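Chain by chain, the residues run as shown.
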Amino acid sequence: MLNKLDAGKLQSVEYKWVDPDDVLEVIAEDGTTYWMYLSGGFYVDAVKNLDTGEWPFKSYK
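Below you will find a few notes about this structure. Note that this is a predicted model, so its numbers are computed, not measured.

In this model, Asp19 is joined to Pro20 through a cis peptide bond whose omega is 10°. Even without a glycine there, the phi angle at Phe42 is positive, about 60°. With respect to the element layout, Phe42 can be found in the loop between strand S3 (33-38) and strand S4 (44-49). With a relative accessible area of 51%, Phe42 lands in the exposed category.

A few words now on the sheet that holds S4. The four strands are arranged S1-S2-S3-S4 in an open sheet whose pairing can be described as antiparallel. At either margin of the open sheet sits one strand with a lone partner, and together these are strand S1 (10-18) and S4. Across the sheet, the mean angle separating the axes of adjacent strands is 25° when strand polarity is ignored. Looking at chain direction, strand S2 (residues 21-28) and S3 are connected through six bridges and run antiparallel. Note that in S3 the partner of Ile27 across the bridge is Thr33.

So, on to the pairing of S3. Here S3 lies mainly inside the structure; six of its six residues are buried. In S3, alternate side chains face the same way, and those of Thr33, Trp35 and Tyr37 on one face and Tyr34, Met36 and Leu38 on the other are all buried. Hairpin connection of S2 to S3: four residues between the antiparallel strands, including Gly31 at a positive phi of 95°. Bridging between S3 and S4 involves five bridges; their strand directions are antiparallel. Following the sheet pairing, Met36 is matched in S4 by Val47. Between the end of S3 and the start of S4, which pair antiparallel, lie five residues, with Phe42 showing a positive phi angle near 60°.

Overall, the coordinates contain two aromatic pairs when judged by the stated rule. Geometrically, the ring pair formed by Trp35 and Tyr37 is edge-to-face, given 6.2 Å between the ring centres and 70° between the ring planes. In this structure Tyr37 comes out as buried when scored by relative accessible area, which is 15%. Connected via pairs of aromatic rings, a cluster forms that spans Trp35, Tyr37 and Trp55.

Procedures and definitions
Residues numbered from 1 in each chain as written. Predicted model: local features only at pLDDT ≥ 70, side-chain atom pairs only at ≥ 80, totals over all residues. Heavy atoms only, no water. Helix = DSSP H or I, 4+ residues; strand = E, 2+ residues; numbered from the N terminus. Buried < 20%, exposed > 50% of the residue type's maximum accessible area, 1.4 Å probe, protein only. Pairing = 2+ DSSP bridges. Axes fitted to C-alpha atoms, helices over the stretch in contact; angles between N-to-C directions. Phe/Tyr/Trp six-rings, centres within 6.5 Å; stacked < 30°, edge-to-face > 60°.

Right, here's the structure in full:
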């Protein structure tokens, strides 16, 4: 998913618990911040661009 977003190299990745979700906060090479929402099996279920509010990848569950 990060390749499709053209995130480039990553500045940082941090695990967060954002009730009730498991989230990876990813800061991309260009400074864009993404939240990658994880499913119960810790697979990426959805991605939100926190800077624009867009959902480049959204779960339809």
